[in-house]
Each structure stands twice: as C-alpha cells, then as structure tokens.
Amino acid sequence: MFKPCVLALVLAPLLLGGCASMSESECRVADWGRVGHNDGARGEPERQLAAYTEDCGQSGVVPDAAAYRQGWDVGIQRFCTPASGWQQGLQGRSSKGAVCAGQPGHEGFARALNAGLQVYQTRQRMQNNTQDINRLHKKLESATSDDEKRRIRQQLQDIDREQYRLRGLMGQQQLLAP
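Keep in mind that what you see is a predicted model, and the values were worked out from it rather than measured. (Residues numbered from 1 in each chain as written. Predicted model: local features only at pLDDT ≥ 70, side-chain atom pairs only at ≥ 80, totals over all residues. Heavy atoms only, no water.)

A. Summary view of the packing of helix 4 (residues 48-57) against helix 5 (residues 65-79). Running from N to C, helix 4 and helix 5 point in directions that differ by 150°, and their axes come no closer than 11 Å. What the angle tells us is that helix 4 and helix 5 run roughly antiparallel. Every pair of crossing elements has a handedness; the one defined by helix 4 and helix 5 is right-handed. Each of Q48, L49 and Y52 in helix 4 lies in contact with helix 5, whose residues at this interface are A65, Y68 and R69. Residue composition of the contact of helix 4 with helix 5, by class: 4 nonpolar, 1 polar and 1 charged. (Axes fitted to C-alpha atoms, helices over the stretch in contact; angles between N-to-C directions. Helix = DSSP H or I, 4+ residues; strand = E, 2+ residues; numbered from the N terminus. Parallel < 35°, antiparallel > 145°, perpendicular 65-115°, else oblique. Left-handed = near helix turned anticlockwise from the far one by under 90°. Contact = heavy atoms within 4.5 Å. Nonpolar A, V, L, I, M, F, W, Y, C, P; charged D, E, K, R; others polar.)

See below:
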C-alpha cells in the first residue's frame, strides 16, 4: 500500500507539470518579445500571455507583457495571410479564424481559410465513402442471396458516383488556393 502512494506523490507533479505553458527555467530565460512573436506566428491568441503570467508567477517571474505584445503583433501579421489561412483550412482548424479578426490581412486569411475548409470537408466525405466501400465489400463477400448482392453492388455504384463527383468538386475547390 505504501509504494503506490509514494509513486503517486512522485508522479503527480510530473503529470500536472505537463499542463504548464512554460517550465520554471523557461520562464527565467524567456525572451518575451520572441515568445510573443512565435505565438503570433503560430496563430496563438494573445491571451496566451495570461497562461504564461500564471505559470511563471508561480516561479516568481513576471513576463514582460509589453515585449510579448509587441512581438505578438509582428508574429500575428505573419500568420494572418491567405497562405496560412489556406493551410489552417486544409487541416480543419476553423477556430484559427478568430485570432485574425481585426488584424491586417484578415479578409484574405478568412477567404482562404473558408476555401481550405471546403477542401477539408470534401476530403472527409471522401474518406467516409472509402470506409463505406470497404464495409460494403466485406458485406458483399458474405452475402448469400442474389438480391442482397445486387443491392450491395448498387450501393457501391452509388458511392462510386459520389466519389467521382467529389473528386471533381475538390479539383474546383483547389483552384481557390492562394
């Protein structure tokens, strides 16, 4: 009984520490302008500074908010571009649109994000169809009656037509890439 309790006490700080935005040593040596710039360039919201303030405050370090914000302002301009919006959309990251609201280049970012999201959604539908095709092929192998086999083949043909339509749609959607 004693060993599991000791193990839990030893592991708890390590597990909880995984939630921290920065370690104590990182807080002490941080270049807050660079941290802000990197966060902005990755599309992290400016409110990330609050997490640093809380985590680093536990170590007695106060982040340089002015330097962070100055760096973030430069970094977010690098992020809020049509090319970045397109990439975020292709990855299905619709929430990244909010971080660019009010920033220079927001309109181009938002337009490209939406175009990328359309491609992402089309890919998702195609992947779902591929899973359905695989499922139906297995079902066809085990089908015993001719009517059941005919019904499954019809479903496969319907999905194949849908896949053809989606490939054409994706080709059109990809023309919107910046």
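After that view, the rundown keeps rolling.
B. Layout of the packing of aromatic side chains. If you walk through the whole model with that rule in mind, you get 3 aromatic pairs. Taken together, a centroid distance of 5.3 Å and an interplanar angle of 45° make the contact between F79 and F109 tilted. Of this pair, F79 sits in helix 5 while F109 is found in helix 7 (residues 106-142), placing the two residues 30 residues apart along the sequence. Judged by relative accessible area, which is 3%, F79 ranks as buried. Members of the aromatic cluster, each reached through a chain of ring pairs, are W32, Y52 and Y68. (Phe/Tyr/Trp six-rings, centres within 6.5 Å; stacked < 30°, edge-to-face > 60°. Buried < 20%, exposed > 50% of the residue type's maximum accessible area, 1.4 Å probe, protein only.)

C. Region of interest: helix 6 (residues 82-90). Listed as buried for helix 6 are S84, G85, W86, Q88, G89 and L90. As for helix 6, its buried residues are in contact with helix 5, helix 7 and helix 8 (146-174).

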